[in-house]
Amino acid sequence: MDKSLLKEGFEKNFGTRGDIQYFFSPGRVNLIGEHIDYNGGLVFPCALSIGIYAAVGYREDKKVRLVSKNMVNKVEFTLNDIQFKEEDGWGNYPKGVIKYIQEEGYNLKGADIYLESTLPDGAGLSSSAALEVLTGYIMLYPILGDKIDRVWLSLICQRAENEFIGVNCGIMDQFSVAMGKRDHAILLDCNTLEYEYVPVDLKGYTLVIMNTNKKRELSESKYNERRYECEMALKHINDYKKIENLCYATLEDLGLLKDNLLKTRARHVITENQRVKEAIKFLKGGNIKEFGKLLVKSHESLKNDYEVTGLHLDTIVEAALKFEGCIGARMTGAGFGGCGIAIVENKLLEEFIKEVEVKYKEITNISPSFYISRIDDGVKMLF
Ligand code: GLA
């Protein structure tokens, strides 16, 4: 993104000033380990080079004004009176984060913030986590600079999403946006928050993000339903055997569950957590084909056992896998629409995109979008 465009956007909305500062916060994809974070297991996400840019002018008073090139409504509030307001829409995410940062005892300055996003909104690439982490980073920058504790920030942002917005998400999205590292994915243990950066060298292959352009309908209620089912499965297993979270159960433990639905949900969780471990081994060993095969297994499990895919994600993943140069594909994120990822031979990218587009449109009547994004750093100051 061109600095002059951000400056122009800022000045159009807030007037000219000589001390504008620029920031960037990425979106994320999860390579494998889906619906695992809230079950205390291993996830393997990475931050992207597409995300949200901000031009910021700090203020001497307590006012915060937010404008986004991608959104219609403007948001304005004062730091000592932060409340959730339906009509503020997207503006509630920054408000929640700022509220909880202040509750930690930080005395923040007001700010004028102009935003421009290269992330498709609501497509499951964590545009909300990107906005949350970006806001937190911007507001704390005058106090902490880059010394900010990023893990702490991701927990504050998760709290904002859980308690202020009311979405019961796990830690994966906020953590990846805050902690991302160029050309690396993050192997994160969601129970302990221990993590390891693993280099992602796909050899002659490229990570392609495939947007079904199907809005994620019912995703919130279905997401909460799955969380509840996992809690129930854990509770029933705990009647016989004490384990801290569902990812610590084994396939044999499934025999302890009488309810078939809970059994299939738990089977996804247990096998997916195992797949993450195998995937890391293959990636570290440079065996990209085997890594790709695990992505396919992950999708099958999310489709059949966890039931969070749906026609659009299944169609785009099937179309991708029919293409000879594609060695793995799966949905990414919460599911129920949104995006998939595919690993495709470098020299066949154009043909891949053309073919998947035609096949997907034939069945769904929707044109998909494709992004080729570098794996990149977490939130940062720019220029
Ligand atoms: C959403 C949530 C994450 C995670 C994924 C599924 O992105 O925000 O916490 O649960 O779904 O893996």
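Here the structure is a predicted model, which means the values were calculated and not measured. (Residues numbered from 1 in each chain as written. Predicted model: local features only at pLDDT ≥ 70, side-chain atom pairs only at ≥ 80, totals over all residues. Heavy atoms only, no water.)

**Structural notes on the overall build of the chain**
For clarity, the threshold we go by: Each helix is a run of H or I in the DSSP string that is no shorter than four residues. Each strand is a run of E no shorter than two, and both are numbered from the N terminus. For a compact globule the rule gives 2.2 Å times the number of residues to the power 0.38, and the radius of gyration it is set against comes from C-alpha atoms. Whether a residue is buried, partly exposed or exposed follows from its accessible area with a 1.4 Å probe, protein chains only, as a fraction of its type maximum: under 20%, in between, or over 50%, in that order. The contact criterion used throughout is that any non-hydrogen atoms of two residues lie within 4.5 Å. Only the protein chains shown count as cover for residues, with accessible areas throughout obtained via the Shrake-Rupley method and a probe of 1.4 Å. Under this rule, positive means Lys or Arg and negative means Asp or Glu; His and the chain ends count for nothing. Charge positions come from single atoms, namely NZ of Lys, CZ of Arg, CG of Asp or CD of Glu.
On a plain count of helices and strands, the chain comes out with 10 helices and 13 strands. Taken over C-alpha atoms, the radius of gyration comes to 21 Å for the chain, in line with the 21 Å a tight globule of 383 residues would show. Overall size of the chain, expressed as C-alpha extent along the three principal axes, is 60 × 55 × 40 Å. Within the chain, the proportion of its 383 residues that are buried is 58%. Excluding contacts between residues fewer than 6 apart, the proportion of contacts in the chain whose partners are at least 24 apart in sequence is 70%. Accessible surface computed for the chain: about 16200 Å², of which carbon and sulfur atoms make up 48%. Seen as two clouds, the 50 positive and the 56 negative side-chain charges of the chain have centres 1 Å apart.

**Section: the site of the ligand**
Rule in force here: We define proximity as follows: a residue is near a molecule or strand when any one of its heavy atoms falls within 4 Å of that partner. Any pair of nitrogen or oxygen atoms within 3.5 Å is treated as a polar contact; in protein, a donor-acceptor pairing is required on top of that, and neighbouring residues in sequence qualify only through side-chain atoms on both sides. For this classification, Asp, Glu, Lys and Arg are treated as charged, while Ala, Val, Leu, Ile, Met, Phe, Trp, Tyr, Cys and Pro are nonpolar and the rest, including Gly, are polar.
In the region of the ligand, the neighbouring residues are Arg28, Glu34, His35, Asp37, Tyr38, Cys169, Gly170, Met172, Asp173, Tyr223, Gly333 and Ala334. Contacts to the ligand include tyrosine 223, whose side-chain N or O atom sits 2.6 Å from an oxygen atom. A total of 310 Å² of accessible area belongs to the ligand in isolation, and the protein chains cover 93% of it. Looking at the shell around the ligand residue by residue, the class counts come to 5 nonpolar, 3 polar and 4 charged.

**As for the pairing of strand S9 (residues 205–211)**
Spelled out, the test is: Should DSSP find at least two bridges between two strands, the strands are regarded as paired.
Buried residues dominate S9, accounting for 7 of its 7 residues. Side-chain alternation along S9 places Tyr205, Leu207, Ile209 and Asn211 on one buried face and Thr206, Val208 and Met210 on a second face that is also buried. Note: S9 against strand S11 (residues 339–345), 7 bridges, orientation antiparallel. Paired with methionine 210 across the bridge in S11 is glycine 340. Taken together, the 3 bridges between S9 and strand S12 (residues 369–371) define a ladder with antiparallel strand orientation. Note that in S12 the partner of methionine 210 across the bridge is phenylalanine 370.

**Observations concerning the sheet that holds strand S8 (residues 195–199)**
Spelled out, the test is: The angle between two axes is taken between their N-to-C directions and runs from 0 to 180 degrees, where each axis is a line fitted to C-alpha atoms and a helix contributes only its stretch in contact.
The 3 strands are arranged S2-S7-S8 in an open sheet whose pairing can be described as antiparallel. What marks the edges here is a single partner per strand, and that holds for strand S2 (42–43) and S8. In this structure, strand S7 (residues 184–189) lies alongside S8, joined through 5 bridges in antiparallel fashion. Residue pairing across strands places leucine 187 opposite glutamate 196, the latter belonging to S8. Docked against the sheet, helix H5 (residues 172–179) engages S2, S7 and S8, running at close to 135 degrees with respect to S7. Strand contacts of helix H7 (residues 260–284): S2, S7 and S8, with the helix running at about 45 degrees to S8, the strand carrying the most contacts.

**Side note on the sheet that holds strand S3 (residues 45–58)**
An order of S5-S4-S6-S3-S1-S13 is seen for the 6 strands of this open sheet, with the pairing classed as mixed. The two strands at the open ends of the sheet, each matched to only one other strand, are strand S5 (75–78) and strand S13 (380–381). The pairing of strand S4 (residues 63–68) with strand S6 (residues 111–117) spans 5 bridges and is classified as parallel. Among the inter-strand pairings, valine 67 is bridged to a residue of S6, identified as tyrosine 114. Running over the sheet, H5 touches strand S1 (21–30) and S3 and is turned about 130 degrees from S1.

**With respect to the environment of serine 301**
Along the chain, the position of serine 301 falls in helix H8 (residues 288–304). Using a relative accessible area of 7% as the deciding quantity, one classes serine 301 as buried. Between the C-alpha atom of serine 301 and that of arginine 265, which follows or precedes it by 36 residues, the distance is 9.2 Å. In contact with serine 301, not counting residues within four places along its chain, are His268, Thr271, Arg275 and Tyr306.

**Looking at the nonpolar core**
The following threshold applies: Throughout this description, the term nonpolar core refers to a set of buried Ala, Val, Leu, Ile, Met, Phe, Trp, Tyr and Cys residues connected via side-chain atoms within 4.5 Å.
Among the nonpolar cores identified, the biggest contains 108 residues, and Leu31 and Phe44 are the most heavily contacted of them. With 10 residues, helix H3 (residues 127–144) is the single largest residue contributor to this core. Listed in part, the 16 residues of the second largest apolar core include Val208, Met210, Ala319 and Tyr360.

**With respect to the pairing of strand S10 (residues 326–331)**
For S10, a buried count of 6 out of 6 residues is recorded, marking the element as mostly surrounded by other parts of the structure. With 5 bridges joining them, S10 and S11 adopt antiparallel strand pairing. Following the sheet pairing, glycine 328 is matched in S11 by isoleucine 343.

**Observations concerning helix H9 (residues 311–322)**
Here is the rule we go by: In this analysis, the expected span of each helix is defined as 1.5 Å times one less than the number of residues it contains.
Compared with an ideal rise of 1.5 Å per residue, which puts 12 residues at 16 Å, H9 spans 16 Å between its outermost C-alpha atoms and is within 8% of the ideal. When H9 is considered as a whole, its buried residues turn out to be His312, Leu313, Asp314, Thr315, Ile316, Val317, Ala319 and Ala320. Check the buried side of H9 and you find it contacts S9, H8, S10, S11 and helix H10 (349–364).

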